[in-house]
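Secondary and tertiary structure notes
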Amino acid sequence: MTTSDLRYPIGKLEPGTRLTPANRRIAILDIAELPGRMRDAVEGLSDKQLETPYRPDGWTVRQVVHHLADSHLHSTIRTRFALTLNQPTIMAYDENAWAQLADARTGPLEPSLLLLEGLHARWAALLESMTDADWVRTFVHPERGVVALDMNIPVYVWHGKHHTAHVTELRKRMGWS
Ligand code: NI
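Let me sum up the structure you'll find in this document. (Residues numbered from 1 in each chain as written. Predicted model: local features only at pLDDT ≥ 70, side-chain atom pairs only at ≥ 80, totals over all residues. Heavy atoms only, no water.)

**A few points about the packing of helix H4 (residues 61–84) against helix H9 (residues 149–174)**
Running from N to C, H4 and H9 cross one another at 170 degrees; their axes reach a closest spacing of 11 Å. Considering the angle they form, H4 stands roughly antiparallel to H9. Residues Val61, Val64, His67, Leu68, Ser71, His72, Ser75, Arg78, Thr79, Ala82 and Leu83 of H4 touch H9, and the partners they reach there are Leu149, Asn152, Ile153, Tyr156, His159, Gly160, His163, Val167 and Leu170. Split into classes, the residues belonging to the contact of H4 with H9 amount to 10 nonpolar, nine polar and one charged. (Axes fitted to C-alpha atoms, helices over the stretch in contact; angles between N-to-C directions. Helix = DSSP H or I, 4+ residues; strand = E, 2+ residues; numbered from the N terminus. Parallel < 35°, antiparallel > 145°, perpendicular 65-115°, else oblique. Contact = heavy atoms within 4.5 Å. Nonpolar A, V, L, I, M, F, W, Y, C, P; charged D, E, K, R; others polar.)

**Points about the coordination of the nickel ion**
Taken together, the protein donors to the nickel ion comprise His67 (NE2), His159 (NE2) and His163 (NE2), at separations of 2.1 Å. Written as a sequence motif, the donor arrangement for the nickel ion is H-x91-H-x3-H. Note that His67 is positioned in helix H4 and His163 in helix H9, a separation of 96 residues in sequence. (Donors = N, O, S within 2.8 Å, 3.2 Å for Na, K, Ca; no water.)

**Regarding helix H7 (residues 110–129)**
With 20 residues, H7 should reach 28 Å at 1.5 Å per residue; the first-to-last C-alpha distance of 29 Å fits that figure. Looking only at H7, the buried set comprises Ser112, Leu113, Leu116, Leu119, His120, Trp123, Ala124, Leu126 and Leu127. Projected down its long axis, H7 carries its buried residues within an arc of 155 degrees, all on one side. Where H7 is buried, its residues touch helix H2 (21–42), H4, helix H8 (132–135) and H9. (Expected span 1.5 Å × (residues − 1). Buried < 20%, exposed > 50% of the residue type's maximum accessible area, 1.4 Å probe, protein only. Arc of directions from axis to C-beta.)

**Topic: the packing of aromatic side chains**
Here the structure, examined in full by the defined rule, presents two aromatic pairs. Measuring from centroid to centroid gives 4.8 Å for Tyr93 and Trp98, while their planes differ by 65 degrees, and the two rings are edge-to-face. For Trp98, a relative accessible area of 32% puts it in the partly exposed group. The ring of Tyr8 has Lys12 sitting right over it, with the charged end atom 4.7 Å from the ring centre. (Phe/Tyr/Trp six-rings, centres within 6.5 Å; stacked < 30°, edge-to-face > 60°. Lys NZ or Arg CZ within 6 Å of the ring centre and 35° of its normal.)

**Observations concerning the pairing of strand E2 (residues 145–148)**
Strand direction decides the pairing type here: strand E1 (residues 138–141) and E2, joined by four bridges, are antiparallel. Residue pairing for E2: Thr138 is matched across the bridge by Ala148. In sequence, E1 turns back onto E2 through a hairpin of three residues. (Pairing = 2+ DSSP bridges.)

This is the structure:
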């Protein structure tokens, strides 16, 4: 198995993927279900298992879970900025530096699992309420340029599954039941 397979267990997202009105519902369901899927993925893992990198030189399981909370906090805030300001410029963040902060390296998972549950419940409710005009609202990402919400949400649907698969694939590979 190559490093790329370990790093991208579900493959990369097709660039330029946009949600259509027909597949919004599935995406919103995925957003709503992510916290439960990640909670199931880490269920019963010991501290030692949580300290295991999901790939050589990769983040530990613990860092992956905290990263998901950090990343999706940003994304829900970006969604809200796009809905309430005229094409705002949002702030990028250094995800690797955040993953090295003490709480992300060593902190218990439960606060991030609870955070994801609350965050995604509100995010899904917000997405559910959005009109066709809302879905094409935009923000400016300093590195990625202009991003519409119907392009951004598929990224985070993919992102949740991508990191959950890091944990489930590691469990399979290590024979952790
Ligand atoms: Ni990520």
